[in-house]
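Coordinate analysis (summary)
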Amino acid sequence: PACRFVPFTDEIVSRISNNRLRKTSGSRLETHLDQRRFPADMFPSGVASRKGFIRTRWRIDGCVVEFVNVHLFNDSDNLVSVKEHPSIYAQCRSRGLRWLMELIRSDSVPGQHVAIFGDFNFRLNLPALLEHLCHGEQAPLSLELVEPGGTTSLHPLAPKDCEPDPASPNAKTSGRPLMNDRDINPTVVIGRRVFDLHGVLADHWKYSTGLLSFDTEVGVFADQLKELPITFPPSYPFDMASSNPHAYAGTRCPAWCDRILFSPNMLVKLRPPIEPSESTCPVTYDMLAKDSTVGDHKPVYLYFSLDTSPG
């Protein structure tokens, strides 16, 4: 259906739960709402769930902005994700986001700006990450896959310059250098709902964004969606049962699932926010509740002012 703007009134405000929006003096605001679930054939399982999106389109003075809150598909099996990238889950997320972008384009208005935010469920490139753990500067690691039925298979990992042990039965059949069995120290345990690093990279997740090089899913949309630099730790999966608010659960590989993305023309509209004291502060893209336990996801936020001039 064609977009129809509705004047932003107190009645509209009362229908928006937990609303914190306010009309600025002299500004004219109008809004348009669309809420849907993704079609069943887009889900990795082929069965629809609550995953979907809410679109709100605003006309603020002369500027039209669409804010889209999205929830894309999650990885349900680590054993699938670790075998190839993009995994079937990443492929479904890409199709879903592309479908959403096409939907937005199909009924857009001239000069429209777009911001998409929420739980994209983006995950790291697990095969490349494990390769990094294998060939990085840290001590040699090993990988234990917990297969269905409780069986396990051990895949030793070692630096590239480590020569295979001739006595190992795998030395002639594997292209990957192996360590002597007595030197193997199982470190990374991966199962359907298990991703246990046994403390490896524990501090790295908290203090560094060096692992962002393995965050590649958003790159598929680099020409359509932009993002401010990420300076916060992965937003998922935090351990809700831990007293340590920085601890991740041993269920999934930590990842920057929660994001705020923009159309290129929206990005240039961001301005430093003006405080009540009339002072300005930088545009801020960060994570909330860094030192508190709030759930398995921690929300991210963007603090900014919007240039509402036409164009």
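Every chain's residues receive numbers from 1 upward, in the order its sequence appears when written. The model is predicted, so local features are restricted to residues of pLDDT at least 70 and side-chain atom pairs to those at 80 or more, both for listing and for counting; the totals for chains, interfaces and linings are taken over all residues. To get the side-chain values, take all heavy atoms of the structure and skip hydrogens and water.

Looking up the protein in an unreviewed UniProt entry gives the name inositol-polyphosphate 5-phosphatase, with the organism given as Opisthorchis viverrini.

1. With respect to the overall build of the protein
Stated formally: We count a stretch as a helix when DSSP gives it H or I for four or more residues in a row; a strand needs E for two or more, and each element gets its number in order from the N terminus. Burial classification: accessible surface area is computed with a 1.4 Å probe over protein chains only, and a residue below 20% of its type maximum counts as buried, one above 50% as exposed, and the rest as partly exposed. Note on contacts: a residue pair qualifies if any of its non-hydrogen atoms lie within 4.5 Å across the two residues. Residue exposure ignores everything except the shown protein chains as possible cover, and the areas themselves are Shrake-Rupley values with a 1.4 Å probe.
Along its length, the protein carries 6 helices and 14 strands. Within the span of the protein, comprising 311 residues, buried residues form 43% of the whole. Long-range contacts, defined as pairs at least 24 residues apart, comprise 64% of the intrachain contacts of the protein with a sequence gap of at least 6. With the model as given, the accessible surface of the protein reaches about 16300 Å², and the carbon-plus-sulfur share is 53%.

2. A short note on the packing of aromatic side chains
Operational definition: Aromatic rings from Phe, Tyr and Trp, with only the six-membered ring used for Trp, were paired whenever their centres fell within 6.5 Å, and each pair was classed as stacked if the ring planes differed by under 30 degrees, edge-to-face if by over 60, and tilted otherwise. Any Lys NZ or Arg CZ that is within 6 Å of a ring centre and within 35 degrees of that ring's normal is treated as a charge sitting over the ring.
All chains considered together, the criterion is met by 8 aromatic pairs. Among the aromatic residues, ring-to-ring pairing joins Phe-38, Phe-43, Phe-53, Phe-73 and Trp-99 into one connected group. The ring of Phe-238 carries Lys-298 above its face, with NZ or CZ at 4.4 Å from the centroid.

3. A short note on the nonpolar core
Heads up, the condition is: For our purposes a nonpolar core is just a set of buried Ala, Val, Leu, Ile, Met, Phe, Trp, Tyr and Cys residues, chained together by side-chain atoms within 4.5 Å.
Of all hydrophobic cores here, the largest spans 36 residues; its most connected members are Val-188 and Ile-190. Among the elements of the structure, β4 (63–71), α4 (126–135), β6 (142–146), β8 (186–191), β10 (258–262), β12 (284–287) and β13 (300–303) are those that each provide at least two residues to this core. With 4 residues, the top contributor of residues to this core is α4. Sequence-distant contacts of Ile-190, defined by excluding residues within four places in its chain, comprise Asn-78, Leu-79, Val-82, Leu-130, Leu-143, Glu-144, Leu-145, Val-146 and Phe-195. The next biggest cluster of nonpolar side chains, apart from the first, holds 22 residues, and it includes Val-70, Leu-103, Ile-104 and Leu-225.

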